[in-house]
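Structural overview for review
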Amino acid sequence: MDGSVARDEASAAFFDAAAEGRLLIRRCDACGHWLAPYLRMGATIERCPVCASDTLHWTPAEGTGTLVTWTVIHERADDSTHTVGVVELAEGPWLTARVDADPAALAAGASMVVGFDRPGGGEPVPVLRLVGARPSD
Amino acid sequence: MTSGGVSGPGLSGSAAIAGLGITDIGKVYGRTSADFAADAVLRAVADAGLRLSDIDGLLTSNGMTGGGSFQLPETLGMRDLGLNVTLSAAGATASAAIQYAAMAVTSGMCDAVVYVHADAPLATPGMSSAAAYAGAYAGAPARPPQGFRGVARANGLSGANPLYALAARRHMERYGTTTEHLGAIAVAQRAWAVGSPLATMRTPITLADHQASRWIAEPLRLLDCCLVSNGGIAFVVTSAERARTLAQPPVYVWGWGQGHPGYSMERGCEFGLVSGAGMSGATAMKMAGISIADIDVCELYDCYTFTVLITLEDYGFCAKGEGGPFAASGALAPGGALPTNTGGGQLSGYYLWGVTPLSEAVIQARGQGGRRQAPSHDVVLVSGNGGVLDFHGTLILSGQPR
């Protein structure tokens, strides 16, 4: 598996913006509550958990946040590692994404910026970098 | 926090676990989960000194491999059941099942209820845990998932290991918990497993062994993670009065509770810091009429060492954030002040979701622990934990009538 991601109807608007380097998250029209674009296992919320409205719309986010937690996953098959983190976006929702940083440089509360990578040449997926750091590849 | 009307003090001790059936367990190949379930039910009924025709209620749960629930009455010839339900609260199912079984027998709905859990993810000798669980996932997608599920897959958060690692890392960052603290839990439970003939891993380990074990998902090492096991375990629940007439010492159900935090995964969320054990434990202890100081033995759901640590904190055995030093003090190990996971737990004993701690609790409350029997065992606390700290259930059990 090359890790490439294909779009579907529910994710099309998100990937269109991501291709331009912009992070979209969702916002409730009724009460203004912000929601993550996707949950950690890829599900999406279809109804505002605060006011129960189903009028959620894609809205630009700042694309910055602070690191909540992270893990370095070790793959036994090829002895590789990769890091996945959870960032608390400036708007409040948590976003789970790959981390492009030396794990030794990470700490809870670290300022992060959301960029995008295209694993396997597929759709652009969010990647977390330390503020001021350049993409490693 | 109130326990609600149904678990009022009048029900404390009114039901009892009267039978326990444990099949061959661990690396046992060539049997289906349905077969393990049937075997476990027969063993539990015989253990109680009952006949299968005495059972009029059935509760079932499945691990990864499913099967059995619908076949069981047919397989065993169980007729005219007054209760037959499959439950699912992930790892918290077992503690919940005993609660509903107790309600069924105290309400007059049933006379004797069997609860059984079975699983058989290990297909062949030498199979890795990861392969066992990957193969056991029913309905695994044939093609890579699209859209955001594809993003999640690309992130590599498959299975529970990295998700619990995220929880443990957050706790470490907030409270200074260390991998050595987690290691103390693994070492203590292995020391208990040495004394259990049921345990899969019975060679003692040291903290150095823990620290030398390979990373799975940092900060979790191999020895922070549970085993994968085949087998089945069943329990007979009946009224306290009837239990006193049966073959085994009754294990009375003094109290029960559940707590499901509903993590928001946004600003203010306590994922990794606080579990549902606080709410669940308070409810159970209130029903039982006891405080934390009255608990002699803990049998805690231990899918990971970290699960034990956060559960101990939230029940109140130590202050929030002090679970690491508490474990490192030796309190949990043989000879310690709070014997915990006395059969080795899921880390070193056997991994059958919530029936791992529940089965050992019954053995301890009966005083049948042999070499691993905790010296004081009047009050035994059992926890269940499911999802990624999403579900929690608690039982307070005792060999003493209420």
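Right, let's walk through the structure included here. Per chain, the residues get numbers from 1 upward, laid out in the order the sequence is written. Here every chain gets a letter starting at A, and every ligand a number starting at 1, in the order they are written. Given that this is a predicted model, residues contribute local features only at a pLDDT of at least 70 and side-chain atom pairs are listed and counted only at 80 or more, while totals for whole chains, interfaces and linings are drawn from all residues. To obtain the side-chain values, all non-hydrogen atoms of the structure were used and water was disregarded.

**Some points on the layout of surface pockets**
Counted only if it meets this: The definitions used throughout rest on a 1 Å grid laid over the protein atoms alone, on which a cavity is an enclosed set of points accommodating a 1.4 Å probe that cannot get out and a pocket is an open set flanked by protein within 12 Å on both sides along at least five of seven lines; lining residues are those having an atom within 4 Å of a point. Grid points are joined across faces, edges and corners, and a volume is the space filled by probe spheres set on the points. The secondary structure listing takes helices from DSSP runs of H or I that are at least 4 residues long and strands from runs of E that are at least 2 residues long, numbered from the N terminus. Gly is placed with the polar residues, together with every amino acid not listed as nonpolar (Ala, Val, Leu, Ile, Met, Phe, Trp, Tyr, Cys and Pro) or charged (Asp, Glu, Lys and Arg).
Considered as a void within the structure, the second largest pocket measures approximately 280 Å³ in volume. Along the wall of the second largest pocket there are 16 residues; nearest its centre are Arg98, Val99, Asp100, Asp117 and Val127 of chain A. Counting only elements with at least two residues in the lining of the second largest pocket, the list comes to β5 (80-89), β6 (94-99) and β8 (125-130) of chain A together with α5 (147-155) of chain B. Residues belonging to the lining of the second largest pocket are distributed by class as follows: seven nonpolar, five polar and four charged.

**Observations concerning the interface of chain B and chain A**
The cut-off we apply is this: Contact definition: two residues touch when any of their heavy atoms are within 4.5 Å. Here's the idea: put two parts together, see how much 1.4 Å probe accessible area each one loses, and the total over both is what we call buried area. Whenever Lys or Arg places a side-chain nitrogen within 4 Å of a carboxyl oxygen from Asp or Glu, that contact is recorded as a salt bridge. Here a polar contact is taken to be a pair of N or O atoms separated by no more than 3.5 Å, where protein atoms must pair a possible hydrogen donor with a possible acceptor and residues adjacent in sequence count only if both atoms sit in side chains.
Each partner contributes residues to the interface: chain B has 32 residues there, and chain A has 45 residues. For the pair chain B and chain A, the two sides together bury roughly 3,400 Å², of which 60% comes from carbon and sulfur. By the criterion of area lost to chain A, the three top residues of chain B are Phe148, Asn155 and Arg267 of chain B, representing 22% of everything that side buries. Summed over the shared surface of chain B and chain A, the result is two salt bridges. Note that Glu88 of chain A and Arg267 of chain B form a salt bridge whose closest N and O atoms lie 3.1 Å from each other. Connecting chain B to chain A are 20 residue pairs in polar contact (both at pLDDT 80 or more).

**Points about the packing of helix α10 (residues 277-288) of chain B against helix α11 (residues 305-315) of chain B**
Residue and element names in this part refer to chain B. Put simply, the test is: Note on definitions: angles span 0 to 180 degrees between N-to-C directions of axes, and those axes are lines fitted to C-alpha atoms, for helices only across the stretch in contact. Each angle is binned into one of four classes, with values under 35 degrees roughly parallel, values over 145 roughly antiparallel, values of 65 to 115 roughly perpendicular, and all other values oblique. Crossings are sorted by hand: turned counterclockwise from the far helix by less than a right angle, the near helix makes the crossing left-handed, and turned clockwise it makes it right-handed.
Look at α10 against α11: their axes get within 8 Å of each other, and the N-to-C directions meet at 50°. By the angle between their axes, α10 is oblique relative to α11. Crossing angle aside, the handedness with which α10 passes α11 is right-handed. The segment α10 lies against α11, with Ala277, Gly278, Gly281 and Met285 engaging Thr311, Asp314 and Tyr315. Split into classes, the residues belonging to the contact of α10 with α11 amount to three nonpolar, three polar and one charged.

**Details of helix α14 (residues 355-366) of chain B**
Residues and elements named next belong to chain B. Heads up, the condition is: A helix is expected to reach a length of 1.5 Å times the quantity of its residues less one. Relative accessibility thresholds used throughout: buried, under 20% of the residue-type maximum; exposed, over 50%; partly exposed, between the two (1.4 Å probe, protein chains only).
Here α14 is 12 residues long and its end C-alpha atoms lie 16 Å apart, about the 16 Å a rise of 1.5 Å per residue gives. Where α14 is concerned, the buried positions are Val355, Thr356, Pro357, Leu358, Ser359, Glu360, Ala361, Val362, Ile363, Gln364, Ala365 and Arg366. Positive backbone phi, approximately 80°, marks Gly367, located one or two places after α14.

**Some details on the sheet that holds strand β3 (residues 56-60) of chain A**
Residues and elements named next belong to chain A. To be explicit about the condition: Strand pairing is assigned whenever DSSP detects at least two bridges linking the two strands.
Spatially, the three strands line up as an open sheet ordered β2-β1-β3, and their pairing is antiparallel. The sheet terminates laterally at β2 (34-35) and β3, the two strands that pair on one side only. Inspection of the sheet shows strand β1 (residues 24-28) paired to β3 by five bridges, in the antiparallel sense. Within the sheet, the bridge partner assigned to Ile25 lies in β3 and is Thr59.

**A word on the nonpolar core**
Applied cut-off: Note on terminology: a nonpolar core comprises buried Ala, Val, Leu, Ile, Met, Phe, Trp, Tyr and Cys residues joined through side-chain atoms within 4.5 Å.
Within the largest apolar cluster, 94 residues are counted, with the highest numbers of intra-cluster contacts made by Phe271, Phe317, Leu332 and Ile396 of chain B. Per element, the largest residue contribution to this core is eight residues, and it comes from helix α1 (residues 33-48) of chain B. Setting aside anything within four residues of it in sequence, one finds Phe271 of chain B in contact with Arg40 and Trp94 of chain A together with Leu163, Leu166, Ala167, Arg170, Tyr263, Met265 and Val388 of chain B. Core analysis: the second largest hydrophobic core is formed by 39 residues, Leu20, Ile22, Val355 and Ala365 of chain B among them.

**Digging into the environment of Leu39 of chain A**
All names here are of chain A. Along the chain, Leu39 falls in the loop between β2 and β3. Residue classification places Leu39 among the partly exposed positions, given a relative accessible area of 33%. In this structure, the C-alpha to C-alpha distance between Leu39 and Leu95, residues 56 residues apart in sequence, is 7.4 Å.

**Comments concerning the packing of aromatic side chains**
Cut-off, in case you're wondering: Pairing of aromatic side chains here covers Phe, Tyr and the six-membered ring of Trp, requires ring centres within 6.5 Å, and sorts the geometry by plane angle: under 30 degrees stacked, over 60 edge-to-face, intermediate tilted. Any Lys NZ or Arg CZ that is within 6 Å of a ring centre and within 35 degrees of that ring's normal is treated as a charge sitting over the ring.
Per the counting criterion, the structure on display carries 11 aromatic pairs over all chains. Considering the side-chain rings of Phe14 of chain A and Phe15 of chain A, the 5.6 Å spacing of their centres and the 75° angle between planes classify their relative orientation as edge-to-face. Exposure remark for Phe14 of chain A: the relative accessible area of 0% places this residue in the buried category. Judged by relative accessible area, which is 0%, Phe15 of chain A ranks as buried. Ring geometry for Trp58 of chain A against Phe148 of chain B: centres 6.0 Å apart, planes inclined by 45°, an arrangement best described as tilted. Highlighted residues: Trp58 of chain A in strand β3 and Phe148 of chain B in helix α5, drawn from two different chains. Residue class for Trp58 of chain A comes out partly exposed when judged on its relative accessible area of 26%. By relative accessible area, which is 3% here, Phe148 of chain B ends up buried. Put simply, the rings of Phe14, Phe15, Tyr38 and Trp58 of chain A together with Phe148 of chain B touch in pairs and so form one group of aromatic residues. Stacked on the ring of Trp58 of chain A, the Lys or Arg Arg26 of chain A has its end atom at 5.7 Å from the ring centre.

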